[in-house]
Amino acid sequence: MIDMELVKVDKLISSVESNQMMNLDHLAEFITGVANHSIPVKKIEKWLKAVHSNGISVKETTILTRNMMQSGAVLDWSDNKLVVDKHSTGGVGDKMSLILAPALAACGAKVPMLAGRGLGHTGGTIDKLESIPGFNCSLTPKEMQKQIADIGCCIAAQNDAIAPADGLLYAIRDVTHTIDSIPLITASIISKKAAEGLGSLVLDVKCGSAAFMKTKSDAEELAKSMVGAAKGLGINTTAQITQMDYPIGNYVGNSLEVIGSIEILQGMGSKDTRELVVMQGSALLVQSGIAQNNLKGNEMIEEVLSNGLALQYFEKMCVAQGVKGSIAKELIENPRNVLAKSSLVTKVSAPKSGYVSKINSMAMADIARQHGAGRFAIEDEIIFDVGFKILVDHGQHVSSKQIWLEFHHNQSLSESEMALLNSILELDDRQPRVKSRLISTIS
Ligand code: URA
């Protein structure tokens, strides 16, 4: 392979700096060079900084995304109409993928889900699944395709075979403070999803105090960019902007979120979590043509959650990904018998009576991370059993001294942590109006 002439990289950088369209052939060469480590890191840094400061056009973002996708393996389906997935920009208690993949497979969709380990406050989907004894998330693209043919869904860890250019670009963005760039986030996320060979994609873009995007307009800007790039690659895509001020559902933390997911798959669990699963699942059923309309899509997802079919697919997925049959069976019936438990549980009570108006998700995530539920550095080990069980719902009335929260942990709490735990709940004399999490939809 002939290495890219560095003068072409300099031209790419000066085009971005002067808000001119980049030469798209040179951009393709550049991304190939990033993936095969032939471009000097200093040049990549300069290009990333230029894109971060100046932005690039929608067309350039789409081409960048395509080049990043093509830098590695792309799953090949003879017909990808039924091949679907969703991506969430991440929230506290966001366990949707664990429920959605088997629920969609139970409705006839194919879900080759690639997911990440968390680098933020709480674990990612892969960390949650790895809290199940024996669950193997290291699947090759070939193994993913076989599992889809066998049972319709898999959840595998992002690996070097998929969009390798993103691996290096992301690592350099991290140290050059260029993460928060809409075109770079778009290309990073959509290139990996596009490598799954999807026909349809739903993006859950979180918005609020515990989300990366704090305001509706920022969340919509990111959503529009991601929808534009994914559609530009031929993927039928919609984005749902959803509220992320208070935690999703009643569980936060890795093994605790597996319990929360199984409760939903058992036809029980929090209304809040179920609403999001139904909303995302229904959109994908409609986009892939499995359901004629949203009403029908809602009914189909509700049905497989209520009749145990989605739970059976979850069990099959666990067994296909390495969990012993007897353990998977016990997991779906009594998850607490299978998953690790913390040695300590601290109960937090309400300081007065009133209606639950706010639950400070970021404070919860901070404490949980300090105790091992999330990482500070990529090499940190997650402690699966650390997290929260929330015993109240948003808008519910609580009495003074009523226990509303359990913190599951293994190390003792400092005085400041105890004070922080006691500050998480906000109460109001008047009952707040509890709205749907959905803020807007972009298609
Ligand atoms: N997640 C990704 O995979 N990439 C980003 O750039 C941001 C979040």
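For the structure itself, consult the block above.
Predicted, not measured: the structure shown is a model, and the values here were computed from it.

Time to look at the site of the ligand. Close to the ligand lie Y170, R173, I185, S188, I189 and K192, which account for all nearby residues. Measuring from an oxygen atom of the ligand, one finds a side-chain N or O atom of K192 at 2.5 Å. Within the residue set of the shell around the ligand, elements represented by two or more residues are α8 (164-176) and α9 (182-194). Partitioning the shell around the ligand into residue classes produces three nonpolar, one polar and two charged.

Counting buried positions along strand β3 (residues 153-157) yields five of five residues, so the element is predominantly enclosed. Here β3 shows a buried face lined by C153, I155 and A157 and a second buried face lined by C154 and A156. Pairing of strand β2 (residues 111-115) with β3 involves five bridges; the strand directions are parallel. Along β3, the bridge assignment pairs M113 with I155.

If you walk through the whole model with that rule in mind, you get zero disulfides. Just so you know, C107 is unpaired, no disulfide at all, and the nearest cysteine sulfur is the one on C153, 11 Å from it. Lacking any disulfide linkage, C318 is separated from the closest cysteine sulfur, that of C153, by 9.3 Å.

Here we come to the packing of aromatic side chains. Per the stated rule, a full pass over the model turns up two aromatic pairs. Taking 4.9 Å as the distance between ring centres and 55 degrees as the angle between the ring planes, the aromatic pair formed by F30 and W47 counts as tilted. Residue F30 is located in helix α2 (residues 24-35), and its partner W47 is located in helix α3 (residues 41-54); the two are separated by 17 residues in the primary sequence. No difference in accessibility class separates F30 from W47, as the two residues are buried. The positively charged end of K316 is found above the aromatic ring belonging to Y313, 4.2 Å away from the centroid. Positioned above the aromatic ring of Y246 is the side chain of R437, whose terminal nitrogen or guanidinium carbon lies 4.3 Å from the ring centre.

Another point: the sheet that holds strand β7 (residues 344-349). Sheet strands associate in pairs through backbone hydrogen bonding, adopting either a parallel or an antiparallel arrangement. Pairing is antiparallel in the open sheet, where four strands are placed in the order β6-β9-β11-β7. Each edge of the open sheet is held by one strand with a lone partner, namely β6 (251-252) and β7. Sheet analysis places β7 next to strand β11 (residues 403-409), joined by six bridges and oriented antiparallel. Bridge pairing in β11 places V345 opposite H408. Here helix α17 (residues 415-423) sits on the sheet and contacts β7, β9 (387-390) and β11; the angle it forms with β7, its principal contact strand, is near 50 degrees.

On inspection of all chains with the given rule, the structure shows 17 salt bridges. Here K43 ties to D10 by a salt bridge, and the two come within 2.8 Å at their closest N and O atoms. With K43 in helix α3 and D10 in helix α1 (residues 6-17), this pair connects stretches of sequence that are 33 residues apart. Residue D10 is classed as partly exposed on the basis of its relative accessible area of 34%. The network of salt bridges with shared partners includes D85, K193 and E196.

What counts and what doesn't
- Residues numbered from 1 in each chain as written.
- Predicted model: local features only at pLDDT ≥ 70, side-chain atom pairs only at ≥ 80, totals over all residues.
- Heavy atoms only, no water.
- Near = heavy atom within 4 Å.
- Polar contact = N/O pair within 3.5 Å; in protein donor to acceptor, adjacent residues only side chain to side chain.
- Helix = DSSP H or I, 4+ residues; strand = E, 2+ residues; numbered from the N terminus.
- Nonpolar A, V, L, I, M, F, W, Y, C, P; charged D, E, K, R; others polar.
- Buried < 20%, exposed > 50% of the residue type's maximum accessible area, 1.4 Å probe, protein only.
- Pairing = 2+ DSSP bridges.
- Disulfide = S-S within 2.5 Å.
- Phe/Tyr/Trp six-rings, centres within 6.5 Å; stacked < 30°, edge-to-face > 60°.
- Lys NZ or Arg CZ within 6 Å of the ring centre and 35° of its normal.
- Contact = heavy atoms within 4.5 Å.
- Axes fitted to C-alpha atoms, helices over the stretch in contact; angles between N-to-C directions.
- Salt bridge = Lys/Arg side-chain N within 4 Å of Asp/Glu carboxyl O.

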